[in-house]
Amino acid sequence: MTQRSIRWTKESVRGPELLQHLPSIVPQALNGIVPISATVMTLGIYVEAAHQSDWIQTAQQIAQTHPARILILSPAPSGRTEDRIDVDVHAAIEENRGPGRPPLLLSECLAMTLYGRIADYWLDWMQPLIRSDLPSYLWWLHAPPTERFRWDLLSNTFDSVIIDSQAFPLDHWLPLITASEDYGIGLMDLDWIRGAAFRHLLAESADDARALAILEEPDHVVVTSRETTRWPLPSSWLWLSWKLQWKLGLPPCHHPTIDVQHAHGTASVWQFSRGDQSLVLSDAGESWSLHLVENHAVIRAWEEPRWTSGTLDDLRRLLTEGPDLLYRETLQHSLLERTEPL
């Protein structure tokens, strides 16, 4: 068996023209042979036009573990222009599979810059490109959409939306979070995947009565990170606050009895203190560590290997595991049912 890449580019294509060309691009390159599709999903990646080319290689790497039709969507800057699309199609084919076995279409990547009304109404335009019998995800790498966004069209086009509450704070995603409840849109967060080891360690430590007592009623919490303008693992922080009934919500955290501080540090560290005891959770790079400390001496330790290593790995794990009910419950209890403004 051999693998082959097929590329087809065209500028200023009309929407119907692209739909007409697309089914014949690969068969024409294969002398009329129609391949069998191995794709298991559709993944839309919504990015700014200036960064589209950076994502083509990333899309091809994603397809190596999750064969997919990947649609890189880049609306051009607004302005008076004709309705058109600049498209760059990449297809990965497996050939020479043996007698009587047709080529296998491993993945497709359609990088599209959208102009004119197509850029404004891109959800309508996307629907014919998505296979209705396969899961479909939209990875939103742009600034979060506003409340005026057509959520009904989104729910009719993609099954789930992938966000990153580390890149854009969760309160910026609130219109989408609300719409996901109203329209049944699956919501998946890369930050939630990054915090898996964090949550697992704290849940494991709660079996120790001393650690649980600290978590249930800490009098002081200090969080350090490299960027003090961004709260580390915000979605997992919400989960912890909800499960322990701290009711702190998103930072800044105001509570009459729990003092929460965010400081600059060379690594991400969470220290929960109560009297002369504390729990210290640290991101050690290759792994996470948790220490139960009393009078400055470690009396118990836990360790958890890092579950993922980078954004691409986060995405692969997210696509493998699918939507997490616990994440949705966390948002419901921490954001959607809140009584005070964020």
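Each chain carries its own residue numbering, running from 1 in the written order of its sequence. Where totals are concerned, whole chains, interfaces and linings use all residues; where local detail is concerned, this predicted model gives features only for residues with pLDDT of at least 70, and gives and counts side-chain atom pairs only at 80 or more. To get the side-chain values, all heavy atoms of the structure are used, and hydrogens and water are removed first.

**Brief notes about the packing of helix α6 (residues 174-183) against helix α12 (residues 325-336)**
Part 1: Each axis is a line fitted through C-alpha atoms, and for a helix only the stretch in contact is used; angles between axes span 0 to 180 degrees, taken between their N-to-C directions. Under the DSSP-based scheme used, a helix requires at least four consecutive residues in state H or I and a strand at least two consecutive residues in state E, with every element numbered from the N terminus. Between α6 and α12, the least distance of the axes is 11 Å, while the angle of their chain directions is 120°. Classified by the angle between their axes, α6 and α12 sit oblique to one another. Judged by the twist between their axes, the crossing of α6 over α12 is left-handed. In contact with Leu-174, Ile-177, Thr-178, Ser-180 and Glu-181 of α6, α12 contributes Arg-328, Leu-331, Gln-332, Leu-335 and Leu-336.
Part 2: Each residue belonging to the contact of α6 with α12 can be placed in one class, and the counts come to five nonpolar, three polar and two charged. Each angle is binned into one of four classes, with values under 35 degrees roughly parallel, values over 145 roughly antiparallel, values of 65 to 115 roughly perpendicular, and all other values oblique. For any helix crossing, the convention is left-handed if the near helix is rotated counterclockwise from the far helix by under a right angle, and right-handed if that rotation is clockwise. Here, two residues are considered to be in contact whenever any of their heavy atoms come within 4.5 Å of each other. Charged residues are taken to be Asp, Glu, Lys and Arg, nonpolar residues to be Ala, Val, Leu, Ile, Met, Phe, Trp, Tyr, Cys and Pro, and polar residues to be all remaining types, Gly included.

**Points about the side chain of Arg-199**
Part 1: Here Arg-199 shows up in helix α8 (residues 196-205).
Part 2: Partly exposed describes any residue whose relative accessible area lies between the buried limit of under 20% and the exposed limit of over 50%, with all areas from a 1.4 Å probe on protein chains only and scaled to the type maximum. Counting rule for charge: Lys and Arg are taken as positive, Asp and Glu as negative, and neither His nor the chain ends is counted. Basic side-chain nitrogens of Lys or Arg form a salt bridge, by our definition, when they fall within 4 Å of a carboxyl oxygen of Asp or Glu. Buried and without a salt bridge, Arg-199 has Asp-324 as its closest oppositely charged side chain, separated by 5.0 Å.
Part 3: Each polar contact in these results corresponds to two N or O atoms within 3.5 Å; when the atoms are within protein, one needs to be able to donate a hydrogen and the other to accept it, and residues that are neighboring in sequence are counted only if both atoms are side-chain atoms. Polar contacts involving the side chain of Arg-199 include one to the main-chain carbonyl oxygen of Trp-192, which spans 2.8 Å.
Part 4: For Arg-199, the residues in contact, after removing those within four places along its chain, are Trp-192, Ser-236 and Trp-239.

**A closer look at the nonpolar core**
Part 1: In this structure, Met-112, Trp-122, Leu-154, Trp-237 and Phe-272 are the most contacted members of the largest nonpolar core, which totals 79 residues.
Part 2: Reported domain spans reflect what an automatic or database domain assignment gives. The two domains that each donate at least three residues to this core are domain 1 (2-189) and domain 2 (196-305).
Part 3: Setting aside residues no more than four positions away along its own chain, Met-112 makes contact with Leu-18, Gln-52, Leu-71, Ile-72, Leu-73, Ser-74, Ile-85, Asp-86, Val-87, Trp-125, Met-126 and Leu-129.
Part 4: Residues enter a nonpolar core if they are buried and are Ala, Val, Leu, Ile, Met, Phe, Trp, Tyr or Cys, with the set joined through side-chain atoms within 4.5 Å. Met-41, Ile-45, Ile-62 and Leu-319 belong to the second largest nonpolar core, which has 23 residues in total.

**With respect to the sheet that holds strand β13 (residues 277-283)**
Part 1: Strands qualify as paired when DSSP identifies two bridges or more between them. Ordered in space as β11-β10-β12-β13-β14-β15, the six strands form an open sheet in which the pairing is mixed. Looking along the sheet, the strands with just one partner apiece sit at the ends: β11 (259-264) and β15 (297-305). Along the sheet, successive strands turn relative to each other by an average axial angle of 15°, direction set aside.
Part 2: Pairing geometry for β13 and strand β14 (residues 287-294), over seven bridges, is antiparallel. Bridge assignment links Leu-279 to a residue of β14, and that residue is Leu-292.
Part 3: In this fold α8 packs onto β12 (269-274), β13, β14 and β15, with an angle of close to 140° to the strand it touches most, β15.

**Re the pattern of salt bridges**
Part 1: Enumeration over the complete set of coordinates arrives at 17 salt bridges.
Part 2: Measuring nitrogen to oxygen at the nearest pair gives 3.0 Å for the salt bridge that ties Asp-86 to Arg-84.
Part 3: The buried category is assigned to Arg-84, whose relative accessible area is 16%.
Part 4: We note a salt bridge from Arg-150 to Asp-152, for which the minimum N-O separation is 2.7 Å.
Part 5: The exposure class assigned to Arg-150 is partly exposed, which follows from its relative accessible area of 44%.
Part 6: The class for Asp-152 is partly exposed, based on a relative accessible area of 25%.

**Regarding the environment of Ser-160**
Part 1: For Ser-160, the location among the structural elements is in strand β8 (residues 160-163).
Part 2: Assessed through its relative accessible area of 5%, Ser-160 is described here as buried.
Part 3: Sequence separation of Ser-160 and Gly-184 is 24 residues, and the distance between their C-alpha atoms is 8.9 Å.
Part 4: If we skip the residues at most four places from it in the chain, Ser-160 touches Ser-136, Tyr-137, Leu-138, Ile-185, Gly-186, Met-188 and Pro-323.

**Regarding the packing of aromatic side chains**
The description of two aromatic rings rests on the distance between their centres and on the angle between their planes.
Part 1: Put simply, two rings from Phe, Tyr or Trp (the six-membered ring, in Trp's case) pair if the centres are within 6.5 Å, and we call them stacked under 30 degrees between planes, edge-to-face over 60, tilted for the rest. Counted by the stated rule, this structure contains 15 aromatic pairs.
Part 2: Here the aromatic rings of Trp-122 and Trp-140 are separated by 6.0 Å at their centres, their planes lie at 55°, and the arrangement is tilted. Taken together, the residues span a long stretch of sequence, with Trp-122 in helix α4 (residues 122-126) and Trp-140 in strand β7 (residues 136-140) at a distance of 18 residues. Note on accessibility: Trp-122 and Trp-140 belong to one class, buried.
Part 3: Each ring, one from Trp-270 and one from Trp-288, has its centre 5.9 Å from the other, and the planes form 35°; the classification is tilted. Placement of Trp-270 in strand β12 and of Trp-288 in strand β14 is noted, with a sequence separation of 18 residues between them. Each member of the pair, Trp-270 as well as Trp-288, carries the same accessibility label: buried.
Part 4: Three or more aromatic residues link up through ring pairs in this structure, and these residues are Tyr-46, Trp-122, Trp-140, Phe-149 and Trp-151.
Part 5: Any Lys NZ or Arg CZ found within 6 Å of a ring centre and within 35 degrees of that ring's normal is scored as a charge over the ring. Positioned above the aromatic ring of Tyr-115, the side-chain terminus of Arg-84 is 3.7 Å from the ring centre.
Part 6: Directly above the ring of Trp-242 sits Lys-243, whose terminal nitrogen or CZ lies 4.3 Å from the centroid.

**Some remarks on unusual backbone geometry**
Glycine aside, residues mostly have negative phi angles, and peptide bonds mostly take the trans form.
Part 1: Positive phi is not limited to glycine here, since Asn-295 has a value of about 50°.
Part 2: Note on placement: Asn-295 falls in the loop between β14 and β15.
Part 3: With a phi angle near 70°, His-296 is a residue other than glycine that sits in the positive phi range.
Part 4: Take His-296: it is sitting in the loop between β14 and β15.

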